[in-house]
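So the chains spell out like this:
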Number of protein chains: 2
Amino acid sequence: MLRMSRLTDYGTVVLAHLARFRDGSLHTTAAVATATHLTPTTVSKVLKILTKANLIDSFRGSQGGYRLARPAEEITAAEIIDALEGPVSITECSVDAQQCDLVTVCGVGAAWQRINVAIRDGLEHITLAQLADPRHPIAPFDLDLEHNHTGGLTRS
Amino acid sequence: MLRMSRLTDYGTVVLAHLARFRDGSLHTTAAVATATHLTPTTVSKVLKILTKANLIDSFRGSQGGYRLARPAEEITAAEIIDALEGPVSITECSVDAQQCDLVTVCGVGAAWQRINVAIRDGLEHITLAQLADPRHPIAPFDLDLEHNHTGGLTRS
DNA sequence: AAAATACAGGACTAAAATGGTCCTGATTAG
DNA sequence: CTAATCAGGACCATTTTAGTCCTGTATTTT
């Protein structure tokens, strides 16, 4: 399924923490670490990544710290994963695309990719605000590849 | 997103290959390897895993080989992933659940888990037959996290 | 200015997951 | 009995991931 690295998990926790403050207040690495029960070094790493991804803003120097770059409602799960999980490398075709006779093989890869795209679309509609609020239920995915086997052979 | 290990990719390719034969014929490791352009050892590993997961049936001895345990229409993407990807280990709460005061932290984990469940549900509706056929389009996921049915509030 | 506070960026190490191979044993057909 | 074949692990190399640390830069305070 959606396999997340631990860093993504931490990142979400950190973001969720920052999301609790809607007053633009700044929070230092140390403060976030304490609040989330994570180690400062790890939190620092996560905060830096999130900053580069423009999900949070950072301010240097005394009285500096971090805060969300936008309201939690405008930060999506897809963005969080992109930032922390990095680009997803696809298993590319080993042979030259020109001479690839393995329709079955490459077709399969394409199918999974389309599933990924579908999942991604779904994740774009989930916001940090929802992730941070444990009460939010989750509707099932309509991952319908399409049903044009009108022949109805899927069942006997 | 849906990060698959290479083994899952191979597994799907192998399954897709077997799915092309609906006559119950058996296929040896070597034959599958040749057909898919994968190395025999790797194919062997994959086939063994798929056998243990009951997605394919195996027959030992001379004239032995493998074949799908069921029609491709009855094998789901979720099953394939379960078999090859193994159980998804969740980042478990470090502290005793009893004394966990970090609602934000644990709530986040729960949210991701629910997303996973939603994705899984979607994958259960995609069949090997669809994966094997590159023509099948993929509908977008309705990953609606909030959307509290009944128009009521989520218990404020 | 000087000092203290914080973030930026990257180097680095250890541990774990993956990928892939190989060996030994068990089963079946002929 | 002998050829095929699968079963089940052991095993090693490579890559990822986690997590730490060091050096530098920006900002505020005194």
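Residues numbered from 1 in each chain as written. Chains lettered and ligands numbered in written order. Predicted model: local features only at pLDDT ≥ 70, side-chain atom pairs only at ≥ 80, totals over all residues.

What is the right way to read the nonpolar core from this model?
One broad trend across soluble globular proteins is that nonpolar side chains are buried collectively. Membership of the largest hydrophobic core comes to 71 residues, with the highest contact counts inside it found for A:Val14, A:Leu15, A:Ile80, B:Val14, B:Leu15, B:Ile80 and B:Leu128. Examining the composition of this core, we find that 7 residues originate from one element, helix H1 (residues 6-19) of chain B, more than from any other. Once residues lying within four places of it in the same chain are set aside, the contact partners of A:Val14 are A:Val32, A:Thr36, A:Val43, A:Val46 and A:Leu47. (Core = buried A, V, L, I, M, F, W, Y, C linked by C-beta atoms within 7 Å. Buried ≥ 20, exposed ≤ 12 C-beta atoms within 10 Å, placed from the backbone. Helix = DSSP H or I, 4+ residues; strand = E, 2+ residues; numbered from the N terminus. Contact = placed C-beta atoms within 7 Å.)

Would you mind going over the protein's contact with DNA strand C with me for this structure?
Around DNA strand C lies a shell of 25 residues, among which A:Thr29, A:Ser58, B:Ser5, B:Arg6 and B:Gly61 are the nearest. Ranked by the residues each element gives to the surface near DNA strand C, the list is headed by helix H3 (residues 40-52) of chain A, at 4 residues. Split by residue class, the surface near DNA strand C holds 3 nonpolar, 16 polar and 6 charged. (Near = placed C-beta within 6 Å. Nonpolar A, V, L, I, M, F, W, Y, C, P; charged D, E, K, R; others polar.)

Hey, could you run me through the confidence of the model for chain A in this one?
Detail in the predicted coordinates should be disregarded across regions flagged by low pLDDT. Looking at chain A, pLDDT values average 81 and 71% of them are 70 or higher. We note a pTM of 0.82 for the whole complex and an ipTM of 0.80 for its interfaces. (pLDDT = per-residue confidence, 0-100.)

Just to check I follow, could you spell out the environment of A:Gln63 for this structure?
Residue position: A:Gln63 is located in the loop between strand S1 (56-59) and strand S2 (65-68). Each C-alpha atom, one on A:Gln63 and one on A:His27, is 8.9 Å from the other, the two residues being 36 residues apart in sequence.

Please explain the pairing of strand S1 (residues 56-59) of chain B as it appears in this structure.
Along any regular strand the residues' side chains alternate between the sheet's two faces. Residue and element names in this part refer to chain B. Judged from the 4 bridges that link them, S1 and strand S2 (residues 65-68) form a sheet pairing that is antiparallel. Its bridge partner lying in S2, Ile 56 is registered against Leu 68. Between S1 and S2, which pair antiparallel in sequence order, lie 5 residues; one of them, Gly 61, sits at a positive phi of approximately 80°. (Pairing = 2+ DSSP bridges.)

Explain unusual backbone geometry to me, please; I cannot follow it from the model alone.
Leaving glycine out, the prevailing phi sign among residues is negative, and the prevailing peptide bond configuration is trans. Residue and element names in this part refer to chain A. Positive phi, normally seen in glycine, also occurs at Asn 54, with a value near 65°. Here Asn 54 is to be found in the loop between H3 and S1. Taking the number of C-beta atoms within 10 Å as the measure of exposure, Asn 54 has 12 and is therefore exposed.

Help me understand the protein's contact with DNA strand D in this model?
Near DNA strand D, the surroundings consist of 25 residues, among which A:Ser5, A:Arg6, A:Gly61, B:Thr29 and B:Ser58 are the closest. Listed by contribution, the elements that provide at least two residues to the surface near DNA strand D are helix H1 (6-18) and H3 of chain A together with helix H3 (40-52) and S2 of chain B. Broken down by element, the residue count for the surface near DNA strand D peaks at 4 residues, all from H3(B). Among the residues forming the surface near DNA strand D, the class breakdown is 3 nonpolar, 16 polar and 6 charged.

Even after reading the chapter, I still don't get the packing of H1(B) against H3(B), so can you show me in this structure?
Working note: a packed helix pair is described by the angle between its axes plus the distance between those axes. Residue and element names in this part refer to chain B. Between H1 and H3, whose axes approach to 10 Å, the crossing angle comes to 80°. In terms of orientation, H1 lies roughly perpendicular with respect to H3. Here Leu 7, Tyr 10, Gly 11, Val 14 and Leu 15 of H1 lie close against H3, whose contacting residues are Thr 42, Val 43, Val 46, Leu 47, Ile 49 and Leu 50. Residue composition of the contact of H1 with H3, grouped by class: 9 nonpolar, 2 polar and no charged. (Axes fitted to C-alpha atoms, helices over the stretch in contact; angles between N-to-C directions. Parallel < 35°, antiparallel > 145°, perpendicular 65-115°, else oblique.)

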